[in-house]
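Working through the structure, step by step
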Amino acid sequence: MELLDKYFPNLTADQKNKFEKLQDLYEDWNLKINVVSRKDIDELYLRHVLHSLGIAKVQQFLPGASILDVGTGGGFPGIPLAILHPETNFHLVDSIGKKIKVVNEVVEGLKLKNVHTTNARVEEVPGNYDFIVSRAVAAMPTFVHWTKGKIAKESKHELRNGILYLKGGDLSEELAEYRTAVIYDLQDFFEEEFYETKKVVYLPLKYKK
């Protein structure tokens, strides 16, 4: 929690309480259904929670906005972002049922009212969203193909509607065909060594019927 206080000093008491509960909830559920590695559980706030919140350093979400988290796994980045933005709507999707089961239990444990989940491939999920978020579930061309036609028409945020994608390493080849992509280095926001190679890739996308 010291990490979160360091970079997000204006959290409400309710937000702090929810973030604090994450450790116990994930430790408990990880014993039953392994969704986070042992090492990562021990460094949950550094490797998962703060990493997820790197997206919020690039774009804070407005009340009433709609965010799709694709391949959410154990609930990242969706759950930390949902705690940070309690009036924003989050839809967490994963094709693996046991992962969504853990996500549902964590959401219930935190009493998050702004999160709903779907156990399905993202191509099967209807609707349009202001932003699509994810954490390195596929190369960008594949991810763009999966999420085609899911961006809302009207942009309300500082950034145009599109993808906010947590990635690492050298992305020059992967992003070669996306001239509008913008790369934000997380080491510009977080000083810990873990973030030296971590990035948020922002790709604006046009609305398509």
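One structure accompanies this document, and this report is about it.

What counts as what
Residues numbered from 1 in each chain as written. Predicted model: local features only at pLDDT ≥ 70, side-chain atom pairs only at ≥ 80, totals over all residues. Heavy atoms only, no water. Helix = DSSP H or I, 4+ residues; strand = E, 2+ residues; numbered from the N terminus. Rg over C-alpha atoms; globule rule 2.2 N^0.38 Å. Buried < 20%, exposed > 50% of the residue type's maximum accessible area, 1.4 Å probe, protein only. Contact = heavy atoms within 4.5 Å. Core = buried A, V, L, I, M, F, W, Y, C linked by side-chain atoms within 4.5 Å. Phe/Tyr/Trp six-rings, centres within 6.5 Å; stacked < 30°, edge-to-face > 60°. Lys NZ or Arg CZ within 6 Å of the ring centre and 35° of its normal.

1. Describing the overall build of the chain
The helix and strand inventory of the chain stands at 7 helices and 7 strands. Each helix and strand of the chain, ordered N terminal to C terminal, gives the series α-α-α-α-β-α-β-α-β-β-α-β-β-β. For 209 residues, the compact-globule estimate of 2.2 N^0.38 gives 17 Å, and the C-alpha radius of gyration of the chain, at 16 Å, lies within 12% of that figure. In terms of its C-alpha atoms, the chain occupies a principal-axis envelope of roughly 40 × 35 × 30 Å. Counting the 209 residues in the chain, one finds 53% classified as buried. Pairs at least 24 apart in sequence give 71% of the contacts found in the chain among residues at least 6 apart.

2. Some remarks on unusual backbone geometry
Here the residue pair phenylalanine 76 and proline 77 is connected by a cis peptide bond, since its omega of 5° sits within 30 degrees of zero. The residue proline 77 is located in the loop between strand E1 (66-70) and helix H5 (78-84) in this model. For lysine 111, which is not a glycine, the phi torsion comes out positive at approximately 55°. Following the sequence through the fold, lysine 111 ends up in the loop between helix H6 (97-110) and strand E3 (115-119).

3. Remarks on the nonpolar core
With 51 residues, the main nonpolar core has Phe8, Leu22, Tyr26, Val49, Phe61, Ile79 and Leu164 as its most contacted residues. Looking at this core, the element that brings in the most residues is helix H4 (residues 44-58), giving 9 residues. In terms of nonpolar packing, the next biggest core, distinct from the first, is built from 20 residues, Tyr129, Ile132, Ala138 and Tyr178 among them.

4. With respect to the packing of aromatic side chains
Considering all chains together, one arrives at 7 aromatic pairs under this definition. A centroid spacing of 4.4 Å and a plane angle of 20° characterise the contact between phenylalanine 143 and tyrosine 165, whose relative ring orientation is stacked. Taken as a pair, phenylalanine 143 in helix H7 (residues 140-146) and tyrosine 165 in strand E5 (residues 162-168) lie far apart in primary sequence, 22 residues in all. The burial state of phenylalanine 143 is the same as that of tyrosine 165; both residues are buried. Between the NZ or CZ atom of lysine 32 and the centre of the ring of tryptophan 29, over which it lies, the distance is 4.2 Å. For lysine 198, the ring lying beneath its charged end belongs to phenylalanine 194, and the centroid distance is 4.2 Å.

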